[in-house]
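# An overview of the molecular structure
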Protein chains: 2
Amino acid sequence: MVLTREALALSAFARAPLFAGLGQADLVDLAARFHPHHFARDEALFHEGHRAHAYYLMAEGRVKIIQTSVDGAEVILHLLGPGELVGALPNLDDGTYPGSAIALDDVSALSISPADFEALLELHPRLAINLLHYAAGKLRSVHSRLRELTTERAERRLARTLSRLAAQIGRGVEAGVLLDAPLTRQALAELSGTSLFTVSRTLKEWERQGVLQVGRERVVIVNTHALATLADDLPLPASHPQRPLPHA
Amino acid sequence: MVLTREALALSAFARAPLFAGLGQADLVDLAARFHPHHFARDEALFHEGHRAHAYYLMAEGRVKIIQTSVDGAEVILHLLGPGELVGALPNLDDGTYPGSAIALDDVSALSISPADFEALLELHPRLAINLLHYAAGKLRSVHSRLRELTTERAERRLARTLSRLAAQIGRGVEAGVLLDAPLTRQALAELSGTSLFTVSRTLKEWERQGVLQVGRERVVIVNTHALATLADDLPLPASHPQRPLPHA
DNA sequence: CGGCCTCTTTGCGCCAGCGCAAGGACAGCT
DNA sequence: AGCTGTCCTTGCGCTGGCGCAAAGAGGCCG
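Values in this document were obtained by computation on a predicted structure and should not be read as measured data. (Residues numbered from 1 in each chain as written. Chains lettered and ligands numbered in written order. Predicted model: local features only at pLDDT ≥ 70, side-chain atom pairs only at ≥ 80, totals over all residues. Heavy atoms only, no water.)

## Focus on the sheet that holds strand 11 (residues 212–215) of chain A
Paired through backbone hydrogen bonds, the strands of a sheet run either parallel or antiparallel to each other. Residue and element names in this part refer to chain A. Condition: The pairing criterion is simple: DSSP has to find at least two bridges between the two strands. Secondary structure elements are defined from DSSP: runs of H or I of at least 4 residues count as helices, runs of E of at least 2 residues count as strands, and each element is numbered from the N terminus. Here an axis means a line fitted to C-alpha atoms, over the contact stretch when the element is a helix, while the angle between two N-to-C directions is reported on a 0 to 180 degree scale.
Strands sit in the order 9-10-12-11 across an open sheet of four strands; the sheet is antiparallel. Looking at which strands have only one partner, the edges of the open sheet turn out to be strand 9 (170–173) and strand 11. Each strand axis lies, on average, 25° off the axis of its neighbour in the sheet, ignoring direction. In this structure, strand 9 lies alongside strand 10 (residues 176–179), joined through four bridges in antiparallel fashion. Residue pairing for strand 10: V173 is matched across the bridge by G176.

Given below as structure tokens:
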């Protein structure tokens, strides 16, 4: 699907809660500072550690934000889709990209220079506040992942990752909820903090149990409820059925 | 040490980069909306899941922000000290505390109601922007921890945790850098994503090597450089010396 | 000074899940 | 149809580090 520049901008702005509460005049002012770009699948919008030269507002497609460790292992920090801002948040800190952004699909995005962006923030207080709320949401979700990583087992983390993805990029299809992005086992491993092998084994097991349908770069959640159960109730192998919360 | 209310407010405001760039008149306006509180060690400023009733600006002491998982395991998300804001950030999202805040010391803090706080943001755009930068920094550090947790081994994570703590709450003493907070092995475990046992063993080992001095709820970093080496260069047990980055 | 409570150390067993290797399946291209 | 490259599966061995239990070491208080 190809959109005109105006339509692109419009749809991106309309979908972005970031711009909620701004007047029409403000929006026009904003729109003038953004420039359209296109990226092919697997292309990088920017690289970890580089000085920030542009922020992007996603219009079409999805990107992953990854961090790479010295020995080459990757972690996916976020998946971002239309209406979301890429690269801006962490850069307000020190001006270098803390991760790389890679296109998962063909991506259309609107770029803005850091200087222009900061100027916008000064000019439109509403924007700063919206962005603050957005950042708060991201923080919250990253906090949850932190907790899961340190306290939960790989299997449950994977279940949670799938649930999250379903909410974020799920699309209803006949058999259930399709995760609407090309996710390899490797990518799922990086999202859930485990290895490609464990992901493969676990997904297969769940397919046997009728919870999922899996294919190459494709997961359909057939039984959402069963998955939620796996994510929330899945006990330790041999365990107390459930301990009530101490401060319940 | 006991401070007058005014002195408390002054010192807290002065230390908070949050209030940088605000005029004297603005500061007076702000100060009027904050109310002093005191908490004893181990007391909770607020509890995970509760509706937010107040945010706090730290004046004296330190708090930990923790999340608890269903089976009772805790993770420390942040340690916060004087000049930092407690509880506000994640609440801008949905209004419930995503973690509990527990005093590590005796704590003096200034509270403000969420409504007043949001009003301040509207009134003082500078404040929103400052807060945004602050949130960006937090995001960045949490991202690093996420990456470390999924890609690095327990020993190295612990080394990093100590380095971070040294920068954050370190105090120079004769023997080296003292971590100036009552940190049990358990707390270090929750910060570095491992178990109390592994922390104990590893610290002892490093003490033998002369990197640290450890005691009950007490760590002094003797050889900062050695610790940094452990955090950054510590290779896999039997390993390639170092692989250059693929896209270097 | 003796008792208590919390924090810490250490030996030992065990298993979740990582890592490799080999083979299979699928998609796109010519 | 055949080729090629990428992605996925699965068996197998191995180990980091978790978890328990029991004993030691400080602090603190009466």
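## Notes on the domain arrangement of chain A
Residue and element names in this part refer to chain A. How we decide: Domain delimitation in this document rests on an assignment produced automatically or drawn from a domain database. Residues are treated as being in contact if the distance between any of their heavy atoms lies within 4.5 Å. Each of two parts loses accessible area, computed with a 1.4 Å probe, when they are put together; buried area is these two losses added.
Per the domain assignment, the segments of chain A are domain 1 (5–149) and domain 2 (153–231). Inter-centroid distance (C-alpha atoms) of domain 1 to domain 2 is 26 Å. Tallying the contact residues gives 14 residues for domain 1 and 16 residues for domain 2. Taking both partners together, domain 1 and domain 2 bury about 1,300 Å²; carbon and sulfur atoms supply 51% of that area. When the buried surface of domain 1 facing domain 2 is broken down by residue, R62, L79 and E148 rank first, second and third, together holding 40% of it.

## Remarks on the protein's contact with DNA strand D
We count it as follows: Being near a molecule or strand, for a residue, means having at least one of its heavy atoms within 4 Å of it. In protein, a polar contact requires one atom able to donate a hydrogen and another able to accept it; more generally it is a pair of N or O atoms within 3.5 Å, and residues adjacent in sequence count only if both atoms are side-chain atoms.
Around DNA strand D, a shell composed of 18 residues is seen, among which A:R185, A:S200, B:T194, B:S195 and B:T198 lie nearest. In DNA strand D, the atoms that sit within 4 Å of the protein are 61% sugar and phosphate, with bases accounting for the remainder. B:A154 has a polar backbone atom sitting 2.9 Å from a phosphate oxygen of DNA strand D. In the model, a phosphate oxygen of DNA strand D is placed 2.6 Å from a nitrogen or oxygen of the B:T198 side chain. The set of elements that each furnish at least two residues to the surface near DNA strand D consists of helix 8 (196–208) of chain A together with helix 8 (196–208) of chain B.

## Quick notes on the packing of helix 5 (residues 125–151) of chain A against helix 5 (residues 125–151) of chain B
Spelled out, the test is: What sets the label is the angle itself: under 35 degrees gives roughly parallel, over 145 gives roughly antiparallel, 65 to 115 gives roughly perpendicular, and the rest give oblique. Should the near helix be turned counterclockwise from the far one by less than a right angle, the crossing is left-handed, whereas a clockwise turn marks it as right-handed. Lys, Arg, Asp and Glu make up the charged group, whereas Ala, Val, Leu, Ile, Met, Phe, Trp, Tyr, Cys and Pro make up the nonpolar group; the residues left over, Gly among them, are polar.
Close contact between helix 5 of chain A and helix 5 of chain B brings their axes to 9 Å; oriented N to C, the two are set at 20°. As judged from the angle between their axes, helix 5 of chain A and helix 5 of chain B are roughly parallel. Taken as a pair, helix 5 of chain A and helix 5 of chain B cross one another with a handedness that is left-handed. Among the residues making up the contact of helix 5 of chain A with helix 5 of chain B, the classes are represented as 20 nonpolar, four polar and four charged.

## Section: unusual backbone geometry
All names here are of chain A. For clarity, the threshold we go by: Type-normalised accessible area, obtained with a 1.4 Å probe on protein chains alone, sets the label of each residue: buried when under 20%, exposed when over 50%, and partly exposed for intermediate values.
Here E217, not a glycine, exhibits a phi torsion of approximately 50°, which is positive. Within the secondary structure, E217 sits in the loop between strand 11 and strand 12 (218–221). For E217, a relative accessible area of 31% corresponds to the partly exposed category.

## Overview of the sheet that holds strand 1 (residues 35–39) of chain A
Residue and element names in this part refer to chain A. Ordered in space as 1-8-3-6, the four strands form an open sheet in which the pairing is antiparallel. The outermost strands of the open sheet, each flanked by one partner alone, are strand 1 and strand 6 (85–86). Lying over the sheet, helix 4 (residues 114–123) contacts strand 3 (55–60), strand 6 and strand 8 (107–112), oriented at roughly 70° with respect to strand 8.

## Brief notes about the relation of the copies chain A and chain B
This is how the line gets drawn: Superposing copies: least-squares fit, C-alpha atoms only, residues required to have pLDDT of at least 70 in both.
Overlay of chain A on chain B (RMSD 0.0 Å): rotation 180°, translation along the axis 0.0 Å. On the angle and the small slide along the axis, the relation comes out as a two-fold axis. Of the residues that chain A buries at the interface, 100% are likewise interface residues in chain B, meaning the two copies contact each other through the same surface.

## Some points on the side chain of A:E152
Mapped onto the fold, A:E152 is located in the loop between helix 5 and helix 6 (154–169). For A:E152, the side chain forms a polar contact with the side chain of A:R156, separated by 3.4 Å. Contacts of A:E152, omitting those with residues within four sequence positions, involve A:R147, A:R157, A:R160 and B:S69.

## Structural notes on the nonpolar core
What counts, and what does not: Throughout this description, the term nonpolar core refers to a set of buried Ala, Val, Leu, Ile, Met, Phe, Trp, Tyr and Cys residues connected via side-chain atoms within 4.5 Å.
Core analysis: the biggest nonpolar cluster contains 96 residues, and A:F19, A:V86, A:L131, B:F19, B:V86 and B:L131 have the highest contact counts within it. When residues no more than four places from it in sequence are discounted, the contact partners of A:F19 are A:F13, A:L27, A:L30, A:L57, A:L127 and A:N130.

## Section: the interface of chain A and chain B
To keep things clear, this is the line we draw: The salt bridge criterion pairs a side-chain nitrogen of Lys or Arg with a carboxyl oxygen of Asp or Glu, the two atoms within 4 Å.
The partner chain B presents 47 residues to the 47 residues of chain A that form the contact. For the pair chain A and chain B, the summed buried area comes to about 4,600 Å², and 66% of that belongs to carbon and sulfur atoms. Our enumeration of links across chain A and chain B arrives at six salt bridges. Close ionic contact of B:R140 with A:D93 constitutes a salt bridge, the shortest N to O distance being 3.3 Å. Joining chain A to chain B, the criterion identifies 14 residue pairs in polar contact (both at pLDDT 80 or more).

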